[in-house]
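Analysis of the macromolecular model
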Amino acid sequence: MSTNNKSNIPYAQREQGYREKALKMYPWVCGRCAREFSGKRLSELTVHHKDHNHDNNPEDGSNWELLCLYCHDNEHSRYTDSQYQTAPRPGADLGPKTTFKAFANLGDLLKGKQD
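The chain is annotated in an unreviewed UniProt entry as Putative HNH nuclease YajD of Azotobacter chroococcum NCIMB 8003.

Listed below in structure tokens is the structure:
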């Protein structure tokens, strides 16, 4: 079991503490897909940290939201993907600039044939 550098409390124990608080504070509904959970399926509802910092656990629960396993995995995948993508630059999708002009001398060629 790993421990947090800020405290000597193992992660699983910390997670259990804020999970219990979040389940008491919020309705047992996924914040993304709106599925309801109860009974044995309640274990499929997870606590997601909005800022992705598992050490940020304010008592009012403002950094938490309840997500089902699928939406939670999707959220973390999107977050991971966004770290590897760069912001698009205006005009980046237009391709490389070309300097060759195929018809640049067409006027001169046409004039030469008419002479």
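Back to the write-up after that little detour.
Quick notes on the pattern of salt bridges
Applying the stated criterion to the full structure yields six salt bridges. One salt bridge in this structure joins Glu-75 and Arg-78, with 3.3 Å as the shortest N-O distance. On the criterion of helical spacing, the pair formed by Glu-75 and Arg-78 is a turn pair, its members being three residues apart in helix α2 (residues 69-84). Connected via shared salt-bridge partners are Arg-32, Glu-65, Glu-75 and Arg-78.

Some words on the pairing of strand β2 (residues 64-68)
Of all five residues making up β2, five are buried, and the element is well covered by its neighbours. Of the two faces of β2, the one lined by Trp-64, Leu-66 and Cys-68 and the one lined by Glu-65 and Leu-67 are each fully buried.

With respect to a nonpolar patch on the surface
Residues Phe-103, Leu-106, Leu-109 and Leu-110 make up a contiguous nonpolar surface patch of roughly 440 Å² in combined accessible area. Looking at where Leu-110 falls in the secondary structure, it is placed in helix α3 (residues 106-114). The exposure class assigned to Leu-110 is partly exposed, which follows from its relative accessible area of 47%.

Rules used throughout
- Per-chain numbering applies: the sequence of each chain, read as written, is numbered from 1 onward.
- Where totals are concerned, whole chains, interfaces and linings use all residues; where local detail is concerned, this predicted model gives features only for residues with pLDDT of at least 70, and gives and counts side-chain atom pairs only at 80 or more.
- Heavy atoms throughout the structure, all of them, feed into the side-chain values; hydrogens and water do not.
- Each reported salt bridge corresponds to a side-chain nitrogen of Lys or Arg within 4 Å of a carboxyl oxygen of Asp or Glu.
- Runs of H or I in DSSP of at least four residues are treated as helices and runs of E of at least two as strands, each being numbered from the N terminus.
- Only protein chains enter the accessibility calculation, which uses a 1.4 Å probe; a residue is then buried when its area is under 20% of its type maximum, exposed when over 50%, and partly exposed in between.
- Residues forming no salt bridge and having over 30% relative accessible area are the ones grouped into patches, like charges within 9 Å of each other and nonpolar side chains (Val, Leu, Ile, Met, Phe, Trp, Tyr) within 5 Å.
- Areas reported as accessible are Shrake-Rupley estimates using a 1.4 Å probe. Residue values count occlusion only from the protein chains shown.

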